[in-house]
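Below, each chain spelled out in residue letters.
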Amino acid sequence: MSKPQHLADVLWRALSDRPDGSLCVAFSGGPDSTALLHALAQLREARVRQLRAIHIDHGLHADSAHWAEQTRRFCSVLEVECTVLCVQVDPVSGEGLEAAARHARYAALANALQTGEWLLLGHHREDQAETVLLKLLRGAGPEGLGGMRETRPLGAGQLWRPLLATSRAVLRSYVEQHHLPVIDDPSNADNRLSRNYLRNDVLPRLTQHWPHATDSILHSAAHCRAADDALRAQWLTELERLRDPVTDSLDATAWLALPSAMRDPLLDHWLHARGLSAPTVTQRREIERQSREARAERLPCIHWPGTDLHLWKGRLWARAPRLPVPESWQVSWHGELLPLPGGGSLAWSGPPLAAPLTVRLRRGGERLRPAGDRHTRELRDLFQQAVMPPWQREVCPLIYAGDTLIAVADRWRSEQGDALFREAGGEPRWRPAD
């Protein structure tokens, strides 16, 4: 029979293993993070490392502001600095409320971390088992089935889960022993949310029939993590071979030729490095199908919440989706820095324009005779000859003098545009979003 765990001892050993860097607790006010923060506040080893807390107010419940104030009061009693950050969660983003809230939360935490700071989370062994089961049901490979990593980079610091080997019972016992106030978020009882359903219904049934189910799940997760770490060195080498450092695109044919055990984590790593989300199993299969059946005249785009993946010129290109741009969009431009719909900007290198020009996007049928060229050309032909990515063509700024097209960003200009720019003493400068 294993020796009972004491939370203070667990944290003291954890701090001893990672002695450098200030400490910040992601403090929801629930039982787990409350136990974590309170126990750390009792340790001199944590106090001397500028222990502080951050509470995220998601604004999803009518009592969220009250909960934020409760976390401030709790931290005040502990004499621990508490920062409350309010985030906006998009419930109709297409990724689901759980995922949208998680992305908003981690983005805020990443921005708030100081250089070299450790962000401690109260995730425990049952949380890890839930995560592994969720990943299994979503068709994850060794990386996902390895569960949550104990540490990983986040913002300017590091995320740290020091309690992954500690049971929920240890944390709840600590809360009861010290009579700590905790926040009861009613959403935790909503079994329409996937993790809640596993926690409240599925795992209790599993452990009733298989008492050691959690141990077995975590044992398998450790094997998957070891396998993933062994594969990681190989697919990181392949990533350098497949990736163009200038465009940050991937060789689609070479990627497709990799074994799936390397292909999937490589793709996920590349996407995450660009701040984008990973695809589902169904979306992965569609990417593979499109890569196999690629034709020069087709420009397929596979979309999922948070990501657009294009297949163009035999390569994979990833970017965040753009909001639709009204066809009638146009502005009067005096040479100021102009943010463009869908990202990017247009700037002017000279003094302010004496007479404003008009900037708008493509509406179809535009033609231009470039200075020094004997022929008037369709913009479509100019874009193709310049090998401009299709997603940039949609948002390439067109510059007009009155009703006359005189320039296409900083790429082509007419004789009239050339003369106007020379007289104005400047040049347009287009910076695409990607």
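Residues numbered from 1 in each chain as written. Predicted model: local features only at pLDDT ≥ 70, side-chain atom pairs only at ≥ 80, totals over all residues. Heavy atoms only, no water.

## Examining the pairing of strand β15 (residues 357–360)
- Residues L357 and V359 line the buried face of β15, whereas the alternating positions T358 and R360 sit on a face that is not buried.
- Summarising the sheet, strand β12 (residues 330–333) and β15 pair through 4 bridges and their orientation is antiparallel. Within β15, the residue paired with W333 across the bridge is L357. (Buried < 20%, exposed > 50% of the residue type's maximum accessible area, 1.4 Å probe, protein only. Helix = DSSP H or I, 4+ residues; strand = E, 2+ residues; numbered from the N terminus. Pairing = 2+ DSSP bridges.)

## Some words on the sheet that holds strand β7 (residues 243–244)
- In space, the 5 strands of this open sheet follow the order β7-β8-β11-β10-β9, with antiparallel pairing throughout. Strands at the two margins of the open sheet, each flanked by one partner only, are β7 and β9 (301–304).
- The pairing of strand β10 (residues 307–312) with strand β11 (residues 315–319) spans 5 bridges and is antiparallel. Note on β11: the bridge partner recorded for L309 is A318.

## Regarding the pattern of salt bridges
- Under the defined criterion, the tally for this structure stands at 34 salt bridges.
- Where D215 meets R125, a salt bridge forms, and the shortest distance between an N and an O atom there is 2.4 Å. Residue D215 is located in helix α10 (residues 213–242), and its partner R125 is located in helix α6 (residues 125–137); the two are separated by 90 residues in the primary sequence.
- Among the ionic pairs, D201 bridges to R205, the shortest N-O distance being 2.6 Å. You can see D201 and its partner R205 sitting in helix α9 (residues 194–209), 4 residues apart, about one turn around the helix.
- One salt-bridge network, held together by shared partners, links D127, E130, R168, R195 and R199. (Salt bridge = Lys/Arg side-chain N within 4 Å of Asp/Glu carboxyl O.)

## A look at the environment of D381
- Summarising the element assignment, D381 is placed in helix α14 (residues 379–385).
- For the pair D381 and A254, spaced 127 residues apart in sequence, the C-alpha separation works out to 29 Å.

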